[in-house]
Amino acid sequence: MTVRDRLAGRADIAADVGLGAVFAAALAFQASQIADSWGGEYWQFGCAAGVVVSALALVRRRDRAWAAVAGLAVAAAAVLVARLAHLPSEPGPAMALGLFVLVGSAVRALPVLPACAVATGGLAVVAGALASFPRSVVAVLNGAAWLAALAIGLWPRFLDARRRAIAEKVRRDERLRLARELHDVVAHHVTGIVLQAQAAQLISRKHPEKVDDSLADIEAAGSDALAATRRVVGLLRDAGDSASATPGPERLSELVERFGGHGLAVRLRLPADEPVWPPEVTSTVYRIVQESLTNVSRHAPHARSVTVSVAEERQAVTVEVLDDAPPAPARYHHRGGYGLVGMRERVETLGGTLRAGPRAGAGWSVLATLPVPERKRR
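First, a word on what this report is: a plain description of the structure on this page. (Residues numbered from 1 in each chain as written. Predicted model: local features only at pLDDT ≥ 70, side-chain atom pairs only at ≥ 80, totals over all residues. Heavy atoms only, no water.)

### Topic: the nonpolar core
Test applied: Here, the term nonpolar core denotes a set of buried Ala, Val, Leu, Ile, Met, Phe, Trp, Tyr and Cys residues that are joined through side-chain atoms within 4.5 Å. Only protein chains enter the accessibility calculation, which uses a 1.4 Å probe. A residue is then buried if its area is under 20% of the maximum for its type, exposed if over 50%, and partly exposed in between. Helix and strand assignments follow DSSP, with helices taken as H or I runs no shorter than four residues and strands as E runs no shorter than two, numbered in order from the N terminus. Contacts between residues were defined by any pair of non-hydrogen atoms, one from each residue, lying within 4.5 Å.
Ranked by internal contacts, the top residues of the largest apolar core, which has 32 residues, are Val285, Leu293, Val306, Val317 and Val319. Listing elements by their share of this core, those giving two or more residues are helix H8 (252–260), helix H9 (279–299), strand E2 (305–312), strand E3 (316–323), helix H11 (339–349) and strand E5 (364–371). The leading source of residues in this core is H9, at seven residues. Those residues in contact with Val306 that lie beyond four places of it in its chain are Leu264, Ala265, Val266, Arg267, Leu293, Val296, Val321, Leu322 and Asp323.

### Some points on the packing of aromatic side chains
Selection criterion: In summary, the pairing rule links any two rings of Phe, Tyr or Trp, Trp by its six-membered ring, whose centres are within 6.5 Å, and it sorts them by plane angle into stacked for under 30 degrees, edge-to-face for over 60 and tilted for everything else.
Summed over the entire model, instances satisfying the criterion amount to two aromatic pairs. Consider the rings of Trp38 and Tyr42, whose centres lie 5.2 Å apart with planes at 55°: the pair is tilted. Overall, the relative accessible area of 42% leaves Trp38 in the partly exposed class. Among the residues examined, Tyr42 registers a relative accessible area of 36% and is labelled partly exposed.

### Considerations on the packing of helix H4 (residues 93–109) against helix H5 (residues 112–132)
For any two helices packed against each other, the geometry comes down to the angle between their axes and how far apart the axes lie. Rule in force here: Angles shown run from 0 to 180 degrees and are taken between the N-to-C directions of axes, each axis being a line fitted to C-alpha atoms and, for helices, limited to the stretch in contact. With respect to orientation, any angle under 35 degrees is reported as roughly parallel, any angle over 145 as roughly antiparallel, any angle of 65 to 115 as roughly perpendicular, and every other angle as oblique. Note: crossing handedness is left-handed where the near helix turns anticlockwise from the far helix by less than a right angle, and right-handed where it turns clockwise. Three categories are distinguished: nonpolar for Ala, Val, Leu, Ile, Met, Phe, Trp, Tyr, Cys and Pro, charged for Asp, Glu, Lys and Arg, and polar for the others, with Gly belonging to the last.
In the contact formed by H4 and H5, the axes pass within 8 Å of each other and the chain directions differ by 155°. Relative to H5, the element H4 is oriented roughly antiparallel. Crossing hand, H4 versus H5: left-handed. On H5, the residues that touch Leu99, Val103, Ala106 and Val107 of H4 are Ala115, Val118, Ala119 and Val125. Here the residues of the contact of H4 with H5 are counted per class, giving eight nonpolar, no polar and no charged.

### Let's talk about the sheet that holds E2
Quick reminder of the rule: In this scheme, strands are said to pair when DSSP sees at least two bridges between them.
Taking strand neighbours across the sheet as the criterion, the five strands line up as E1-E2-E3-E5-E4 in an open arrangement whose pairing is mixed. Only two strands of the sheet have a single neighbouring strand rather than two, namely strand E1 (265–269) and strand E4 (353–358). For this sheet, the mean inter-axis angle between neighbouring strands, taken without regard to orientation, is 10°. When E1 meets E2, the two strands line up parallel, connected through five bridges. From the neighbouring strand, Arg269 faces E2, where its bridge partner is Ser309. Contacts from H9 reach E1, E2, E3 and E5, with the element oriented near 10° to E3.

Here is the structure:
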């Protein structure tokens with residue numbers, strides 16, 4: 001279990017303790033009001049039903065659907081019994097509060113059909129209470145509680161759906177950018193094959209004994225072209241864009257100089273030897289650095305320096321972008337937003353990994369690892 005999970009669990013426990021205290025206060029208030037206005041022991045039935053629904057609300061996380069169904073069933077039975085036995089109107093304030101929690105939680109977390117069924121059941125209980133006690137203020141309050149539960153449950157669902165839609169749009173846009181780059185990837189490899197084939201023709205005339213080596217080089221280049229094309233086309237199964245090719249990526253040093261001109265000290269560390277990577281890897285390295293520096297300029301205005309490190313290991317390229325901005329929870333939330341969704345999509349398509357998050361102490365880290373076939377390196 002992670003630290004975040006432990007903190008979330010403690011927050012849930014604290015929320016339930018507070019909610020239990022609210023239920024207890026509502027039950028005490030309800031009992032005192034009924035005892036004052038009705039006298040005798042009329043308060044016992046409503047409080048007993050309220051205790052049951054409140055208890056179901058406190059254990060709702062175990063099974064939200066069944067907890068909500070059981071709570072609504074108890075409320076419907078309470079309305080019927082109160083109407084036939086001429087008891088105070090139901091659901092009472094404590095039960096209405098419990099139903100508010102149950103319905104809101106179910107509408108928020110359950111799939112669409114079960115959520116709609118729970119919401120409809122809540123509406124049926126409200127309608128039954130209004131029909132049984134048409135002049136009761138408590139019945140009107142039940143209707144208000146149902147509307148509030150519906151709103152509180154639907155609003156987070158709307159926000160989640162909106163976030164998913166935006167994330168999907170980012171992924172589609174990244175697929176379109178990859179589609180535009182696919183032409184460059186194919187052209188790069190095919191051009192190499194054509195040049196090697198032309199060289200093989202010349203060699204066949206002057207040095208026939210070397211033709212086998214030339215054919216082997218052509219075969220290797222063709223295999224590389226197929227592998228590179230498959231890696232890039234992995235995300236393009238549902239993208240029908242046929243836009244023209246985009247130019248190759250700018251050099252990282254020019255990108256770093258451009259961002260460094262805004263008062264931010266940006267250090268760039270590159271491999272000692274001039275790297276030779278497949279075009280799709282080169283463009284992805286550039287995009288990762290570009291997106292990371294853009295995030296720093298947008299969301300970390302107090303950062304003083306950024307270090308961009310590009311390292312070439314045996315069969316992988318590692319890109320790491322570190323800044324020294326002071327910690328700010330709100331900023332971290334934004335930095336983990338949609339800009340990195342497209343980058344993660346691109347990196348994972350190439351078989352790599354991408355991690356982004358706050359560093360220990362201060363600052364933010366973006367770390368990407370991209371596999372590079374052995375034959376593509378000098």
